[in-house]
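Listed below, chain by chain, are the residues.
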Amino acid sequence: MKTLALLAAVLVLACSAQASPPTVQELWSHLFTNAVIIWQAPTNSLPESFWVYQRRLPQIFSQAVISNAIMLASFQRHGFPKPSTNNVCILADPDCNCPCGRVCNFSITPADATLSFYSPDQNHLTQNIPNDATVDKLARDCALKLGVDLAQVVEKPPTSHFNTDTNDNKLTNQICGRGVFLCRQLDGIEFFSANDEGDGAEGFGIEFGSYGLIRSFSLCWSEVARYKSEHTTCPQEIIHCIRAHKTIVMPNGDEKNYFDRLKKLAGAKKLTITKITPCYGAGVFGEVPTNDVPCKFVTPFAEMEAVADFGSSNATVKLLSPIISSEVVRLLK
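Numbering of residues starts from 1 in every chain and runs along the sequence as written. In keeping with the predicted nature of the model, local features appear solely for residues at pLDDT of at least 70, side-chain atom pairs appear and are counted solely at 80 or more, and the whole-chain, interface and lining totals rest on all residues. Side-chain calculation: all heavy atoms of the structure are included, whereas hydrogens and water are not.

## As for the overall build of the chain
Part 1 of the reasoning: A run of H or I in DSSP counts as a helix once it spans at least four residues, and a run of E counts as a strand once it spans at least two, with each numbered from the N terminus. Per the secondary structure count, the chain includes 7 helices and 16 strands.
Part 2 of the reasoning: Here the chain holds 333 residues, and 43% of them are scored as buried.
Part 3 of the reasoning: Two residues qualify as a contact provided that any one of their heavy atoms is within 4.5 Å of a heavy atom in the partner residue. When contacts within the chain are restricted to residue pairs at least 6 apart in sequence, those whose partners lie at least 24 apart make up 69%.
Part 4 of the reasoning: Surface exposure here means Shrake-Rupley accessible area, sampled with a 1.4 Å probe, where a residue is shielded only by the protein chains that are shown. Accessible area for the chain stands at about 17,200 Å²; split by element, carbon and sulfur atoms hold 51% of it. Note on exposure labels: buried denotes an accessible area under 20% of the residue type's maximum, exposed denotes more than 50%, and partly exposed covers the range between, all computed with a 1.4 Å probe on protein chains only.

Next comes the structure, spelled out in structure tokens:
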């Protein structure tokens, strides 16, 4: 999923849980309005400027990459698609009449530079699940077969997939899958993802099940070219964006009380910015693509860590903010 579309989805999911969902303006209009904002985040490691990249879409995957992906998926019996700008959707069982809808087990979406596989064999076996070291080696071997340059990725912490009970609660003693995401970097800066599974980021993710069976994998990797260099903004400009409600407070994982937390944050007396980390994402900060139009640009923004002080207690907060001056100017107009 596109980075900015992912952030929009966060808001949509939060709103869907409310009887009378507030507008986006109402959502942010009271955040940190009266709080003292203090900057304590070191900025010495930030570059003086960042490159904005242009994505060359559609991404036509080579025959070698497609063939190797088919082999990894053990889908040889379904044939080998040819490189094309057309979408590809291969069903493991095209005659299935499942009332819940059919999922593309092998898909290629050139407009979004994505190639993915979801195994029809999503069993719940827990025997011989690969350990982290084995997952790391298997993932890198598979990535190389799909043309990924390992020098351009950084490995995120391994993730585990658990069986669940009848109430959909995780059974933490029953691991049925273990995976890892190799996050793409540009100029040594990672693509942003809301979690360690790589949602919204370019890179390669894969999950293995019992005896190393591949449960799923996804490659999102567009060809990019440098478009223009932009000056890095300063802390004071980011503070202006916070006060103008042009930053995003990120949910804590899958929290269900996101709105309640925002209401509490509105009462913060002080907000201290403790860390700033640059990242890249597909799209333009503050703008959501319409009609599912592919994101043409990869732009930098910042993930920040902060502490909200309520007087008698405090809470950690993660925010997303523009990091280049031109974005600040555009957002504050």
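## Focus: the state of the cysteines
Part 1 of the reasoning: Cysteine sulfur atoms that come within 2.5 Å of each other are treated as a disulfide pair. Overall, the coordinates contain 1 disulfide when judged by the stated rule.
Part 2 of the reasoning: As a non-bridged cysteine, Cys183 has Cys279 as the owner of its nearest cysteine sulfur, 9.3 Å distant.
Part 3 of the reasoning: Unpaired in terms of disulfides, Cys295 finds its nearest cysteine sulfur in Cys220, a separation of 9.8 Å.
Part 4 of the reasoning: Taking relative accessible area as the criterion, Cys295 reaches 4% and is therefore assigned buried.

## Quick notes on the pattern of salt bridges
Part 1 of the reasoning: By definition, a salt bridge exists where a carboxyl oxygen of Asp or Glu is found within 4 Å of a side-chain nitrogen of Lys or Arg. Following the criterion strictly, the structure yields 14 salt bridges and no others.
Part 2 of the reasoning: The residue Glu207 makes a salt bridge to Arg215 at a minimum N-O spacing of 2.5 Å. Comparing Glu207 with Arg215 shows no difference in burial state: the two are buried.
Part 3 of the reasoning: Residue Lys228 is joined to Glu230 by a salt bridge in which the shortest nitrogen-to-oxygen separation is 3.3 Å.
Part 4 of the reasoning: Judged by relative accessible area, Glu230 falls into the buried class, the value being 14%.
Part 5 of the reasoning: Through salt bridges with shared partners, a single ionic network connects Arg55, Asp112, Arg184 and Glu202.

## Overview of the confidence of the model for the chain
Part 1 of the reasoning: The score called pLDDT rates the predictor's confidence residue by residue, from a low of 0 to a high of 100. When pLDDT is averaged across the chain, the result is 89; 88% of the residues are at 70 or more.
Part 2 of the reasoning: Long-range and interchain partners of residues 8-19, a stretch whose pLDDT sits below 50, account for 12 contacts in this model, where long-range means more than four residues apart.

## What to know about helix H3 (residues 63-72)
Within an α-helix, residues lying three or four positions from one another point in the same direction, as the helix has 3.6 residues per turn.
Part 1 of the reasoning: Taken residue by residue, H3 has Val65, Ile66, Ser67, Ala69, Ile70 and Leu72 as its buried positions.
Part 2 of the reasoning: The inward-facing, buried residues of H3 contact strand E3 (88-90), strand E4 (106-109), strand E5 (114-118), helix H4 (132-145) and strand E11 (214-220).
Part 3 of the reasoning: Ser74 occupies a position one or two residues after H3 and carries a positive phi of about 55°.

## Observations concerning helix H7 (residues 325-332)
Part 1 of the reasoning: Among all positions of H7, only Glu327, Val328 and Leu331 are buried. Around the axis of H7, the buried residues are gathered within 100° of arc, so they sit on the same side.
Part 2 of the reasoning: In the core, the buried residues of H7 are packed alongside helix H5 (235-243) and strand E16 (314-322). This arc is taken over the directions from the axis of the helix to the C-beta atoms.

## Some details on the nonpolar core
Part 1 of the reasoning: The term nonpolar core refers to a set of buried residues drawn from Ala, Val, Leu, Ile, Met, Phe, Trp, Tyr and Cys, joined through side-chain atoms within 4.5 Å. If you look at the biggest cluster of nonpolar residues, it comprises 40 residues, and the most contacted ones within it are Phe32, Val249, Leu265, Ile276 and Met304.
Part 2 of the reasoning: The biggest single contributor to this core is strand E15 (residues 297-309), with 5 residues.
Part 3 of the reasoning: Setting aside its immediate chain neighbours within four residues, Phe32 contacts Ile242, Arg243, Val249, Leu265, Leu271 and Leu319.

## Re unusual backbone geometry
Part 1 of the reasoning: Note that the residue after Leu57, namely Pro58, is joined by a cis bond; omega there is 0°.
Part 2 of the reasoning: Mapped onto the fold, Pro58 is located in the loop between strand E2 (49-55) and H3.
Part 3 of the reasoning: Backbone geometry places Ala113, a non-glycine residue, at a positive phi of 55°.
Part 4 of the reasoning: Following the sequence through the fold, Ala113 ends up in the loop between E4 and E5.
Part 5 of the reasoning: Accessibility expressed as a relative area gives 0% for Ala113, which makes it buried.
Part 6 of the reasoning: You will see that Asp168, though not glycine, has its phi angle at about 65°, which is positive.
Part 7 of the reasoning: In this fold, Asp168 is placed in the loop between strand E7 (159-164) and strand E8 (170-186).
Part 8 of the reasoning: By relative accessible area, Asp168 is classed as exposed at 58%.

## Let's talk about the pairing of strand E14 (residues 270-282)
Part 1 of the reasoning: Bridge count between strand E1 (residues 36-39) and E14: 4 bridges; the pairing is parallel. Bridge pairing in E14 places Ile38 opposite Thr272.
Part 2 of the reasoning: Where E14 lies against E15, 12 bridges are found, and the strand directions are antiparallel. Within E15, the residue paired with Pro278 across the bridge is Ala302. Note on pairing: two strands pair once DSSP finds at least 2 bridges between them.

## Digging into the packing of H5 against H7
Part 1 of the reasoning: Where H5 meets H7, the closest approach of the two axes is 10 Å, and the angle between their N-to-C directions is 30°. Relative to H7, H5 is oriented roughly parallel. Crossing hand, H5 versus H7: left-handed. Judged by residue contacts, Glu237, His240 and Cys241 of H5 engage Ser325, Val328 and Leu332 from H7.
Part 2 of the reasoning: The residue classification treats Ala, Val, Leu, Ile, Met, Phe, Trp, Tyr, Cys and Pro as nonpolar and Asp, Glu, Lys and Arg as charged. All others, Gly included, are polar. Its residues assigned to classes, the contact of H5 with H7 shows 3 nonpolar, 2 polar and 1 charged. Helix axes use the C-alpha atoms of the stretch in contact, all axes being lines fitted to C-alpha atoms, and the angles between their N-to-C directions lie in the range 0 to 180 degrees. We call two directions roughly parallel when the angle between them is under 35 degrees, roughly antiparallel when it is over 145, roughly perpendicular when it lies between 65 and 115, and oblique otherwise. Handedness of a crossing follows from how the near helix is turned relative to the far one, being left-handed for an anticlockwise turn of less than a right angle and right-handed for a clockwise one.

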